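The lines below spell out each chain.
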Amino acid sequence: MITAVLILSLLQTTPPAAPAANSLTPAERAAGWRLLFDGRTLAGWRGLGYDTVPTAHWVVVDGTIKKIASGNVPRVADGRPLVGGDLMTVDSFADFELSFEWKVTPGANSGVKYNVSEAVSLAQGGAGTQGGPTHSALGFEYQVLDDARHEDGKLPTHRAAGLYDLIAPNARKDLSPVGEWNRSCIVFRGNHGEHWLNGQKVVEFELGTAHMDSLLAASKYKTIPGFGQKRRGHIVLQDHGDEVYFRSIKVRPL
């Protein structure tokens, strides 16, 4: 029989506190996680095609990485700044799990890219010879978006948490309101990939399959040689010109 004292004790039990932003729990450390953002500096990051951080685009504010809105600048057809400043990890990664938190301002667009080759990215757009934006990463993209206000929200494969221009997030998607934090995870192991949003798996894919090849052939990436090949690549925060925020970015090898 459960006594009144035991019932009172259960009612008074406090759930464990959520881990502080930009920190690792002892269990995470034991599992091999490491922080990619310390909450204070942009150590370990640089601009794609730059030797240093493009400080006109990115700044640390109150424990977050803030993308500074670009304002009225020349842009390419999909809205990216013609001369932008994608923020790239100095290190590259093969098989990994990436965890991060993000929030957008009204109408904002950004993304977290992975499987990124800096050399391929610069060859496609670095000199502007093929009409591509400079300092913009080519890679698989976890879309970060205000679905309701941005034009990309009209296209299923362009909505938040989707594999941009390839796979739409499924019905389990639970997106936080604009201005509130979302918790996201990317799993990339071998040819297998997953996107998670607020505790739900919303995208899953396998590279090298007939289905994935058909999606790539129908996408904007179809003319880029080797785009869909697995590589050891950088992780990138996208400069799409809008104000967005990131924090608690952590990775572990798989």
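Quick note: structure is the one above.
Given the structure is predicted, the values throughout are model-derived calculations rather than measurements.

### What to know about the pattern of salt bridges
Pairing of side chains with opposite charge becomes possible as their charged atoms draw close.
Consideration 1: Enumeration according to the criterion identifies 15 salt bridges in this entry.
Consideration 2: Of the charged contacts, one joins glutamate 28 and lysine 250 as a salt bridge, the two residues approaching to 3.4 Å between their closest N and O atoms. With glutamate 28 in helix 2 (residues 26-30) and lysine 250 in strand 13 (residues 244-253), the pair connects residues that are 222 residues apart, well separated along the chain. Neither residue differs from the other here; glutamate 28 and lysine 250 are each classed as buried.
Consideration 3: With a closest N to O distance of 3.9 Å, glutamate 194 and lysine 201 form a salt bridge.
Consideration 4: Salt bridges sharing partners connect three or more residues here, namely Asp78, Arg80 and Lys220.

### Here's the deal with helix 3 (residues 118-125)
Consideration 1: Looking at helix 3, one finds that the buried residues are Glu118, Ser121, Gln124 and Gly125. Down the axis of helix 3, the sector holding all buried residues measures 135 degrees, keeping them to one side. Of the exposed residues in helix 3, the ones pointing more than 90 degrees away from its buried face are Ala119 and Ala123.
Consideration 2: On the buried face of helix 3, the contacting elements are strand 2 (45-47), strand 5 (87-89), strand 7 (109-116) and strand 12 (234-237).

### Side note on the layout of surface pockets
Consideration 1: Considered as a void within the structure, the largest pocket measures approximately 440 Å³ in volume.
Consideration 2: Lining the largest pocket are 27 residues, and of these Arg80, Pro133, Leu138, Lys220 and Ile224 sit closest to its centre.
Consideration 3: For the lining of the largest pocket, the elements supplying multiple residues, two or more each, are strand 7, helix 3 and strand 8 (140-145).
Consideration 4: At three residues, helix 3 tops the list of elements feeding residues into the lining of the largest pocket.
Consideration 5: Taken together, the residues of the lining of the largest pocket break down into eight nonpolar, 13 polar and six charged.
Consideration 6: Taken as a whole, the second largest pocket encloses approximately 370 Å³ of empty space.
Consideration 7: Contributing elements (two or more residues each) for the lining of the second largest pocket: strand 6 (96-104), strand 9 (182-189), strand 10 (192-197) and strand 13.

### Here we look at empty space enclosed by the protein
Consideration 1: Under the defined criterion, the tally for this structure stands at one cavity of 30 Å³ or more.
Consideration 2: What the largest cavity holds in volume is close to 30 Å³.
Consideration 3: If you trace the largest cavity, you find it lined by Ser117, Val120, Leu138, Ile224, Phe227 and Arg231.
Consideration 4: When its residues are assigned to classes, the lining of the largest cavity shows four nonpolar, one polar and one charged.

### Notes on the packing of aromatic side chains
Consideration 1: This structure, assessed with the given rule, holds 11 aromatic pairs.
Consideration 2: Centre to centre, the rings of tyrosine 221 and phenylalanine 227 are 3.9 Å apart; their planes meet at 5 degrees, and the pair counts as stacked.
Consideration 3: The buried category is assigned to tyrosine 221, whose relative accessible area is 8%.
Consideration 4: In this structure phenylalanine 227 comes out as buried when scored by relative accessible area, which is 7%.
Consideration 5: Here a set of aromatic residues connected by ring pairs shows up, and it is made of Phe93, Phe96, Tyr114, Phe140, Phe188, Phe205, Tyr221 and Phe227.
Consideration 6: A cation over an aromatic ring shows up here: lysine 103 above the ring of tyrosine 245, its NZ or CZ 5.5 Å from the ring centre.
Consideration 7: Lying across the ring of tryptophan 181, arginine 247 places its NZ or CZ 4.0 Å from the centre.

### Remarks on the environment of alanine 69
Consideration 1: Structurally, the position occupied by alanine 69 is in the loop between strand 4 (64-67) and strand 5.
Consideration 2: Measuring from C-alpha to C-alpha, the distance between alanine 69 and leucine 163 comes to 24 Å, with 94 residues separating the pair along the chain.

### With respect to the sheet that holds strand 2
In a beta sheet, neighbouring strands pair by backbone hydrogen bonds and run either parallel or antiparallel.
Consideration 1: The antiparallel open sheet is built from five strands, whose spatial order is 2-5-12-7-8. Whereas interior strands pair on both sides, the edge strands pair on one side only; in this sheet they are strand 2 and strand 8. With strand direction ignored, the average angle separating the axes of adjacent strands in the sheet is 25 degrees.
Consideration 2: Sheet analysis places strand 5 next to strand 12, joined by two bridges and oriented antiparallel. Within strand 12, the residue paired with methionine 88 across the bridge is valine 236.

### Considerations on unusual backbone geometry
Consideration 1: Although it is not a glycine, asparagine 115 adopts a positive phi angle of roughly 60 degrees.
Consideration 2: Within the secondary structure, asparagine 115 sits in strand 7.
Consideration 3: In the Ramachandran plot, asparagine 198 falls in the positive-phi region, its phi being about 50 degrees despite a non-glycine side chain.
Consideration 4: With respect to the helices and strands, asparagine 198 occurs in the loop between strand 10 and strand 11 (200-206).
Consideration 5: Judged by relative accessible area, which is 14%, asparagine 198 ranks as buried.

Thresholds, definitions, all that
Residue positions are given per chain, counting from 1 as you read along its sequence in written order. The model is predicted, so local features are restricted to residues of pLDDT at least 70 and side-chain atom pairs to those at 80 or more, both for listing and for counting; the totals for chains, interfaces and linings are taken over all residues. Think of the side-chain values as coming from all heavy atoms in the structure, minus any hydrogens and water. A side-chain nitrogen of Lys or Arg and a carboxyl oxygen of Asp or Glu constitute a salt bridge if their distance falls within 4 Å. What counts as a helix is a DSSP run of H or I of at least four residues, what counts as a strand is a run of E of at least two, and both are numbered from the N terminus. We call a residue buried when its accessible area falls under 20% of the maximum for its residue type, exposed when it is over 50%, and partly exposed in between, using a 1.4 Å probe and counting protein chains only. Regarding the arc, it is the one traced by the directions from the helix axis to the C-beta atoms. A contact between two residues is defined here by any heavy atoms of the two lying within 4.5 Å. The distinction between a cavity and a pocket rests on a 1 Å grid over the protein atoms alone: a 1.4 Å probe fits inside a cavity but cannot get out, while a pocket stays open yet meets protein on both sides within 12 Å along at least five of seven lines, and a residue with an atom within 4 Å of a point counts as lining. Grid points are joined across faces, edges and corners, and a volume is the space filled by probe spheres set on the points. Gly is put with the polar residues, along with every residue not named as nonpolar or charged; the nonpolar set is Ala, Val, Leu, Ile, Met, Phe, Trp, Tyr, Cys and Pro, and the charged set is Asp, Glu, Lys and Arg. Working definition: a ring pair exists when centres of Phe, Tyr or Trp rings (six-membered ring for Trp) sit within 6.5 Å. Plane angles under 30 degrees give stacked, over 60 give edge-to-face, the rest tilted. Definition used: whenever NZ (Lys) or CZ (Arg) falls within 6 Å of the ring centre and also within 35 degrees of the ring normal, the charge is taken to sit over that ring. In this description, strands pair whenever DSSP reports at least two bridges between them. The axes used here are C-alpha line fits, helices contributing only the stretch in contact, and every angle between their N-to-C directions lies in the interval 0 to 180 degrees.

Nothing here speaks to function; it is all geometry.
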